[in-house]
Amino acid sequence: MPSSRIDPYSLVIVDVSLDWALNDIYDDLVNKYGDGVVNVKRMHNRDNQPIRSICVEFDSSEQVEHLLENGLIVIWHERKKVKEYYLPMLCFVCGNAGHRSSACPIAQSCNKRQRQYDVGQIAWSNSTLRKENISSSISSPIDSETTSNTSSIIPPTTSISNNSVDRLLMLQASKFENILNALETRMSSRISTLEKQIGQLTDSRQ
Ligand SMILES: [Zn+2]
(Lines give C-alpha, C1' and ligand atoms only; values in the text may rest on other atoms or scores of the structure.)
Protein backbone atom coordinates (compact mmCIF):
# COMPACT_ATOMS: atom_id res chain seq x y z
CA MET A 1 0.00 0.00 0.00
CA PRO A 2 1.73 3.26 -1.05
CA SER A 3 1.92 6.11 1.43
CA SER A 4 0.26 9.36 0.33
CA ARG A 5 2.35 11.64 2.53
CA ILE A 6 4.89 13.74 0.65
CA ASP A 7 7.83 14.96 2.72
CA PRO A 8 8.13 18.69 1.81
CA TYR A 9 11.75 18.77 3.05
CA SER A 10 13.14 15.93 0.94
CA LEU A 11 13.39 14.85 -2.67
CA VAL A 12 14.51 11.74 -4.52
CA ILE A 13 17.29 11.84 -7.11
CA VAL A 14 16.91 8.92 -9.51
CA ASP A 15 19.51 6.96 -11.45
CA VAL A 16 22.44 7.60 -9.10
CA SER A 17 25.13 4.94 -9.55
CA LEU A 18 25.67 2.65 -6.55
CA ASP A 19 29.42 3.36 -6.89
CA TRP A 20 28.98 7.05 -6.06
CA ALA A 21 29.94 7.75 -2.43
CA LEU A 22 27.24 9.59 -0.48
CA ASN A 23 29.81 11.86 1.23
CA ASP A 24 31.14 13.04 -2.15
CA ILE A 25 27.60 13.60 -3.46
CA TYR A 26 26.79 15.59 -0.31
CA ASP A 27 29.90 17.80 -0.73
CA ASP A 28 29.09 18.42 -4.40
CA LEU A 29 25.45 19.28 -3.63
CA VAL A 30 26.50 21.70 -0.83
CA ASN A 31 28.91 23.39 -3.29
CA LYS A 32 26.17 23.82 -5.90
CA TYR A 33 23.01 24.26 -3.85
CA GLY A 34 24.29 25.68 -0.55
CA ASP A 35 24.18 24.81 3.14
CA GLY A 36 20.46 24.05 2.88
CA VAL A 37 21.44 20.48 1.97
CA VAL A 38 21.10 18.59 5.26
CA ASN A 39 21.54 14.91 4.48
CA VAL A 40 22.01 12.44 1.63
CA LYS A 41 20.77 8.87 2.03
CA ARG A 42 20.84 5.85 -0.29
CA MET A 43 17.37 4.36 -0.78
CA HIS A 44 16.57 0.65 -0.45
CA ASN A 45 13.99 -1.71 -1.90
CA ARG A 46 11.68 -4.01 0.10
CA ASP A 47 14.43 -6.62 0.42
CA ASN A 48 16.66 -3.91 1.91
CA GLN A 49 18.92 -3.89 -1.17
CA PRO A 50 20.39 -0.47 -2.12
CA ILE A 51 18.80 1.00 -5.27
CA ARG A 52 19.92 3.61 -7.83
CA SER A 53 18.00 6.39 -6.04
CA ILE A 54 19.08 8.68 -3.23
CA CYS A 55 17.03 10.81 -0.85
CA VAL A 56 18.27 14.34 -0.17
CA GLU A 57 16.99 16.27 2.83
CA PHE A 58 16.94 20.09 2.79
CA ASP A 59 16.29 22.58 5.59
CA SER A 60 13.85 24.56 3.44
CA SER A 61 10.72 23.21 1.77
CA GLU A 62 10.90 26.13 -0.69
CA GLN A 63 14.20 24.92 -2.10
CA VAL A 64 12.73 21.42 -2.48
CA GLU A 65 9.66 22.87 -4.23
CA HIS A 66 11.88 24.92 -6.55
CA LEU A 67 14.05 21.90 -7.48
CA LEU A 68 10.95 19.74 -8.05
CA GLU A 69 9.57 22.43 -10.39
CA ASN A 70 12.82 22.32 -12.36
CA GLY A 71 12.67 18.53 -12.27
CA LEU A 72 16.46 18.32 -12.37
CA ILE A 73 19.50 18.47 -10.13
CA VAL A 74 23.17 18.41 -11.17
CA ILE A 75 25.75 16.11 -9.56
CA TRP A 76 29.27 16.31 -11.08
CA HIS A 77 28.11 17.78 -14.41
CA GLU A 78 25.46 15.07 -14.72
CA ARG A 79 21.83 16.12 -14.86
CA LYS A 80 19.67 13.88 -12.70
CA LYS A 81 15.89 13.64 -12.55
CA VAL A 82 14.27 14.51 -9.21
CA LYS A 83 10.88 13.52 -7.79
CA GLU A 84 8.84 13.82 -4.59
CA TYR A 85 9.89 11.81 -1.56
CA TYR A 86 7.04 9.91 0.08
CA LEU A 87 7.32 9.39 3.83
CA PRO A 88 7.49 5.72 4.76
CA MET A 89 4.36 4.25 6.32
CA LEU A 90 4.90 3.49 10.02
CA CYS A 91 3.24 0.63 11.88
CA PHE A 92 1.74 1.54 15.26
CA VAL A 93 1.98 -2.04 16.55
CA CYS A 94 5.67 -2.85 16.00
CA GLY A 95 7.00 0.61 15.03
CA ASN A 96 8.58 -0.63 11.77
CA ALA A 97 8.20 1.11 8.41
CA GLY A 98 6.55 -0.35 5.33
CA HIS A 99 3.17 -1.62 6.54
CA ARG A 100 0.03 -0.45 8.35
CA SER A 101 -0.84 -1.81 11.81
CA SER A 102 -3.75 -3.73 10.24
CA ALA A 103 -1.18 -5.63 8.12
CA CYS A 104 1.40 -6.04 10.90
CA PRO A 105 3.01 -9.52 10.82
CA ILE A 106 3.59 -9.34 14.61
CA ALA A 107 -0.09 -8.63 15.33
CA GLN A 108 -1.06 -11.42 12.93
CA SER A 109 1.21 -13.96 14.65
CA CYS A 110 -0.35 -12.85 17.98
CA ASN A 111 -3.81 -13.57 16.55
CA LYS A 112 -2.56 -16.97 15.33
CA ARG A 113 -1.27 -17.79 18.83
CA GLN A 114 -4.61 -16.62 20.24
CA ARG A 115 -6.43 -19.06 17.92
CA GLN A 116 -4.13 -21.92 18.99
CA TYR A 117 -4.90 -20.96 22.60
CA ASP A 118 -8.64 -21.05 21.81
CA VAL A 119 -8.33 -24.56 20.35
CA GLY A 120 -6.44 -25.61 23.50
CA GLN A 121 -9.18 -24.11 25.67
CA ILE A 122 -11.93 -25.98 23.81
CA ALA A 123 -9.99 -29.27 24.01
CA TRP A 124 -9.46 -28.64 27.72
CA SER A 125 -13.15 -27.92 28.35
CA ASN A 126 -14.16 -31.06 26.42
CA SER A 127 -11.86 -33.27 28.49
CA THR A 128 -13.14 -31.63 31.69
CA LEU A 129 -16.68 -32.22 30.48
CA ARG A 130 -15.92 -35.92 30.03
CA LYS A 131 -14.48 -36.11 33.55
CA GLU A 132 -17.57 -34.35 34.89
CA ASN A 133 -19.76 -36.91 33.15
CA ILE A 134 -17.83 -39.72 34.80
CA SER A 135 -18.11 -38.06 38.23
CA SER A 136 -21.84 -37.46 37.66
CA SER A 137 -22.43 -41.16 38.25
CA ILE A 138 -21.33 -40.55 41.86
CA SER A 139 -22.75 -37.08 42.65
CA SER A 140 -26.34 -35.89 42.28
CA PRO A 141 -27.59 -35.24 38.68
CA ILE A 142 -28.36 -31.51 39.31
CA ASP A 143 -24.88 -30.75 40.74
CA SER A 144 -23.03 -32.43 37.86
CA GLU A 145 -25.16 -30.56 35.32
CA THR A 146 -24.27 -27.13 36.77
CA THR A 147 -20.52 -27.92 37.07
CA SER A 148 -20.26 -29.33 33.54
CA ASN A 149 -22.11 -26.29 32.19
CA THR A 150 -19.69 -23.83 33.77
CA SER A 151 -16.58 -25.71 32.65
CA SER A 152 -17.79 -26.14 29.06
CA ILE A 153 -19.26 -22.67 28.52
CA ILE A 154 -16.96 -20.24 30.35
CA PRO A 155 -13.55 -20.91 28.68
CA PRO A 156 -14.80 -20.55 25.04
CA THR A 157 -16.78 -17.39 25.97
CA THR A 158 -13.64 -15.84 27.52
CA SER A 159 -11.51 -16.57 24.44
CA ILE A 160 -14.16 -15.15 22.08
CA SER A 161 -14.22 -11.91 24.05
CA ASN A 162 -10.37 -11.80 23.94
CA ASN A 163 -10.56 -11.99 20.15
CA SER A 164 -13.13 -9.19 20.06
CA VAL A 165 -10.87 -7.03 22.24
CA ASP A 166 -7.98 -7.71 19.83
CA ARG A 167 -10.12 -6.70 16.87
CA LEU A 168 -11.33 -3.56 18.65
CA LEU A 169 -7.76 -2.60 19.58
CA MET A 170 -6.61 -3.10 15.98
CA LEU A 171 -9.54 -1.00 14.77
CA GLN A 172 -8.69 1.75 17.26
CA ALA A 173 -4.99 1.61 16.30
CA SER A 174 -5.74 2.03 12.59
CA LYS A 175 -8.17 4.89 13.36
CA PHE A 176 -5.46 6.72 15.34
CA GLU A 177 -2.99 5.94 12.56
CA ASN A 178 -5.26 7.63 9.99
CA ILE A 179 -5.87 10.64 12.26
CA LEU A 180 -2.12 11.08 12.87
CA ASN A 181 -1.29 10.67 9.17
CA ALA A 182 -3.83 13.36 8.25
CA LEU A 183 -2.49 15.60 11.02
CA GLU A 184 1.10 15.14 9.84
CA THR A 185 0.17 16.06 6.25
CA ARG A 186 -1.71 19.15 7.47
CA MET A 187 1.21 20.20 9.71
CA SER A 188 3.72 19.78 6.86
CA SER A 189 1.73 21.97 4.48
CA ARG A 190 1.10 24.52 7.28
CA ILE A 191 4.84 24.71 7.99
CA SER A 192 5.66 25.31 4.32
CA THR A 193 2.96 28.04 4.13
CA LEU A 194 4.44 29.71 7.22
CA GLU A 195 7.92 29.45 5.74
CA LYS A 196 6.70 31.18 2.57
CA GLN A 197 5.10 33.96 4.65
CA ILE A 198 8.34 34.42 6.60
CA GLY A 199 10.23 34.56 3.29
CA GLN A 200 7.85 37.22 1.96
CA LEU A 201 8.19 39.26 5.18
CA THR A 202 12.00 39.10 4.99
CA ASP A 203 11.90 40.07 1.29
CA SER A 204 9.61 43.09 1.93
CA ARG A 205 11.91 44.31 4.73
CA GLN A 206 15.00 44.33 2.53
ZN1 LIG B 1 4.04 -3.91 12.42
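Residues numbered from 1 in each chain as written. Predicted model: local features only at pLDDT ≥ 70, side-chain atom pairs only at ≥ 80, totals over all residues. Heavy atoms only, no water.

Going by an unreviewed UniProt entry, the protein chain carries the name CCHC-type domain-containing protein and comes from Didymodactylos carnosus.

Undergrad: Explain the overall build of the protein chain to me, and be specific about the residues and the numbers.
TA: Scanning the protein chain from terminus to terminus reveals four helices and five strands. From first element to last, N terminus to C terminus, the protein chain shows the α and β order β-α-β-β-α-β-β-α-α. For the protein chain, the residues scored as buried account for 29% of the 206 residues in total. Within the protein chain, contacts between residues separated by at least 24 positions form 61% of all contacts whose residues are at least 6 apart in sequence. In the structure as shown, the protein chain presents an accessible area of about 13900 Å², 56% of it carried by carbon and sulfur atoms. (Helix = DSSP H or I, 4+ residues; strand = E, 2+ residues; numbered from the N terminus. Buried < 20%, exposed > 50% of the residue type's maximum accessible area, 1.4 Å probe, protein only. Contact = heavy atoms within 4.5 Å. Areas by Shrake-Rupley, 256 points an atom, 1.4 Å probe, with all protein chains shown as cover.)

Undergrad: Quick one: what's the story with the side chain of His-99, residue by residue and with numbers?
TA: One can find His-99 in the loop between strand 5 (78-86) and helix 3 (105-136). In contact with His-99, not counting residues within four places along its chain, are Met-89, Leu-90, Cys-91, Cys-94, Cys-104 and Pro-105.

Undergrad: Outline the sheet that holds strand 4 (residues 72-75), supporting the account with residue identities and numerical values.
TA: Read from one edge to the other, the open sheet built from five strands follows the order 2-3-1-5-4, with strand pairing classed as antiparallel. Two strands lie at the open edges of the sheet, namely strand 2 (37-44) and strand 4, each paired on one side alone. Each neighbouring strand pair of the sheet contributes to a mean axis angle of 40 degrees, computed without reference to strand direction. Here strand 4 runs beside strand 5; their pairing, made up of four bridges, is antiparallel. When the bridges of strand 5 are listed, Leu-72 appears paired with Lys-81. Packed onto the sheet, helix 1 (residues 22-33) meets strand 1 (6-14), strand 2, strand 3 (50-58) and strand 4 and runs at close to 140 degrees relative to strand 2. With respect to the sheet, helix 2 (residues 61-70) is in contact with strand 1, strand 3, strand 4 and strand 5, its orientation differing from that of strand 1 by roughly 40 degrees. (Pairing = 2+ DSSP bridges. Axes fitted to C-alpha atoms, helices over the stretch in contact; angles between N-to-C directions.)

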